[in-house]
Amino acid sequence: MPRSYRVSSRQPLKKIDADAPSLLKLLQRWRDEAGQAGYTIKRIAVAYEAAGDGFWLARWLWARDIEAYAIHPASVAVSREHRRAKTDRLDTELLMRAFLGWLRGEKRHCSMAAIPTLEEEDARRPNRERQTLVGEQTRLINRIKAILARFGIRSFRLSLRNAADRLIAIRIAE
């Protein structure tokens, strides 16, 4: 009689490149190893920390009958008593513990981010692109202001439309 195989009894930690086919190959290898050991695999569930554009992987895995979840990073409880070094191994163990608790149905272990459809993600793209551009603009303005401050110019407003024309007219003390 085949036994059920639990990931918690093995807890594999494996670093691989950001390559979906190699992840699928690794999961298949683990499934085959479990089958050879006499275990029956009914489902494979994986989880990772949600990030801006990382939802394509979850959609790709779901299309291959692998349950994929994106853990909302702010929902994982972190001990604030002890300052600890942030390492991939510690983060992985924390995420794995939270994910296993979530799979068992225990409340407040973590929450999953909703996996957006491709259309929903494409609809968010213009806003994300705008945020990136505004951030880049702010960074450049701050750099120019820092350069101007070195020359004693502190009240110049770079956001004005005619800032380039006014910049030419500025004279420094030297």
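Look a little higher up for the structure.
The paragraphs below set out a description of the structure included in this document. (Residues numbered from 1 in each chain as written. Predicted model: local features only at pLDDT ≥ 70, side-chain atom pairs only at ≥ 80, totals over all residues. Heavy atoms only, no water.)

Looking at the overall build of the protein
Argument step 1. Scanning the protein for helices and strands turns up five helices and five strands.
Argument step 2. Ordering the α and β elements of the protein from the N terminus gives β-α-β-β-α-β-α-β-α-α.
Argument step 3. Expressed as a percentage of contacts within the protein between residues at least 6 apart in sequence, the contacts between residues at least 24 apart total 51%.
Argument step 4. Of the roughly 13,700 Å² that the protein leaves accessible, carbon and sulfur atoms contribute 52%. (Helix = DSSP H or I, 4+ residues; strand = E, 2+ residues; numbered from the N terminus. Contact = heavy atoms within 4.5 Å. Areas by Shrake-Rupley, 256 points an atom, 1.4 Å probe, with all protein chains shown as cover.)

So, the sheet that holds strand E3 (residues 45-49)
Argument step 1. Here three strands make up an open sheet; going across it, the order is E3-E4-E5 and the pairing mixed. The two strands at the open ends of the sheet, each matched to only one other strand, are E3 and strand E5 (112-113).
Argument step 2. Inspection of the sheet shows strand E4 (residues 67-71) paired to E5 by two bridges, in the antiparallel sense. Within the sheet, the bridge partner assigned to Ile-71 lies in E5 and is Met-112.
Argument step 3. Helix-sheet contacts for helix H2 (residues 55-62) involve E3, E4 and E5, and the interaxial angle to E4 is about 160°. (Pairing = 2+ DSSP bridges. Axes fitted to C-alpha atoms, helices over the stretch in contact; angles between N-to-C directions.)

Re the packing of aromatic side chains
Argument step 1. Here the structure, examined in full by the defined rule, presents four aromatic pairs.
Argument step 2. Relative to Trp-102, the ring of Phe-99 lies with its centre 6.2 Å away and its plane at 15°, an arrangement referred to as stacked. Linking Phe-99 with Trp-102, this pair stays in helix H3 (residues 88-103), spanning three residues, or about one helical turn.
Argument step 3. Following the ring pairs from residue to residue traces out a cluster consisting of Trp-62, Tyr-69, Phe-99 and Trp-102.
Argument step 4. Between the NZ or CZ atom of Arg-150 and the centre of the ring of Phe-151, over which it lies, the distance is 5.9 Å. (Phe/Tyr/Trp six-rings, centres within 6.5 Å; stacked < 30°, edge-to-face > 60°. Lys NZ or Arg CZ within 6 Å of the ring centre and 35° of its normal.)

Describing the pattern of salt bridges
Argument step 1. Taken as a whole, this structure holds five salt bridges when the rule is applied.
Argument step 2. The shortest N-O distance in the salt bridge between Glu-33 and Arg-29 comes to 3.2 Å. With a gap of four residues between them, Glu-33 and Arg-29 both fall in helix H1 (residues 20-36), about one helical turn apart.
Argument step 3. Judged by relative accessible area, Arg-29 falls into the partly exposed class, the value being 39%.
Argument step 4. Of the charged contacts, one joins Arg-43 and Glu-67 as a salt bridge, the two residues approaching to 2.8 Å between their closest N and O atoms. Here Arg-43 is found in the loop between strand E2 (39-40) and E3, whereas its partner Glu-67 is found in strand E4, with 24 residues between them in sequence.
Argument step 5. Residue Arg-43 is classed as partly exposed on the basis of its relative accessible area of 48%. (Salt bridge = Lys/Arg side-chain N within 4 Å of Asp/Glu carboxyl O. Buried < 20%, exposed > 50% of the residue type's maximum accessible area, 1.4 Å probe, protein only.)

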